Amino acid sequence: QVQLVESGGGLVQPGGSLRLSCAASGRTFSSYAMGWFRQAPGKDREVVAAISRSGGSTYYADSVKGRFTISRDNAKNTVYLQMNSLKPEDTAIYYCAARVRLPWQSTDPDDFDSWGQGTQVTVSS
């Protein structure tokens, strides 16, 4: 399995931006579809965005469409989540996850094979 390490979380004011990164170990990163999930206190883990193996296809939850952008660089074994126009309700722990099975797109956390440790994002004035 691939090992994942997130970075880039922090405290930001409403309307601000953050860029999360997820670095993967191993030489088979391009074999995995990747997803970003988040979990707020007392809530279930939910998908935020996902990207296909090549990066040619993406998926976004309705709550983040137009504000967040997922991308990947297979040469650097890294997936990114650019978050703009952040809102207090975006506050959560953000996790990246890898999925090896097809089809690439899934919103179910149980369909993902490897997870990072998470990074805290707090949106507050």
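What you see is a predicted model, and the numbers here were worked out from it, not measured in a lab. (Residues numbered from 1 in each chain as written. Predicted model: local features only at pLDDT ≥ 70, side-chain atom pairs only at ≥ 80, totals over all residues. Heavy atoms only, no water.)

A.B. asks: Which residues make up the nonpolar core, and what are the values?
C.D. replies: The biggest cluster of nonpolar side chains holds 29 residues, and the ones touching the most others in it are Met34, Trp36, Leu81, Met83 and Tyr94. For this core, the secondary-structure elements that each account for two or more residues are strand S3 (18-24), strand S4 (33-39), strand S5 (46-51), strand S7 (68-73), strand S8 (78-83), strand S9 (92-99) and strand S11 (119-123). Contacts of Leu81, omitting those with residues within four sequence positions, involve Leu18, Arg19, Leu20, Trp36, Val48, Ala49, Phe68, Thr69, Ile70 and Tyr94. (Core = buried A, V, L, I, M, F, W, Y, C linked by side-chain atoms within 4.5 Å. Buried < 20%, exposed > 50% of the residue type's maximum accessible area, 1.4 Å probe, protein only. Helix = DSSP H or I, 4+ residues; strand = E, 2+ residues; numbered from the N terminus. Contact = heavy atoms within 4.5 Å.)

A.B. asks: Please give an account of the state of the cysteines that cites residues and values.
C.D. replies: What we call a disulfide is simply a covalent bond connecting the sulfur atoms of a pair of cysteines. Counted according to the given criterion, the structure contains 1 disulfide. One disulfide bridge connects Cys22 with Cys96, the sulfur atoms lying 1.9 Å from each other. Classification of the bridge connecting Cys22 and Cys96 rests on its S-S torsion, roughly 50°, and on that basis the disulfide is right-handed. With Cys22 in strand S3 and Cys96 in strand S9, this pair connects stretches of sequence that are 74 residues apart. (Disulfide = S-S within 2.5 Å.)

A.B. asks: Please give an account of the sheet that holds S3 that cites residues and values.
C.D. replies: Taken in spatial order, the 4 strands make up an open sheet running S1-S3-S8-S7, and their pairing is antiparallel. Among the strands making up the open sheet, the edge pair consists of strand S1 (4-7) and S7. Neighbour to neighbour, the strand axes of the sheet diverge by 15° on average, direction disregarded. Examined bridge by bridge, S7 and S8 share 6 bridges and lie antiparallel to one another. In the sheet register, Ile70 faces S8, and the bridge partner there is Leu81. (Pairing = 2+ DSSP bridges. Axes fitted to C-alpha atoms, helices over the stretch in contact; angles between N-to-C directions.)

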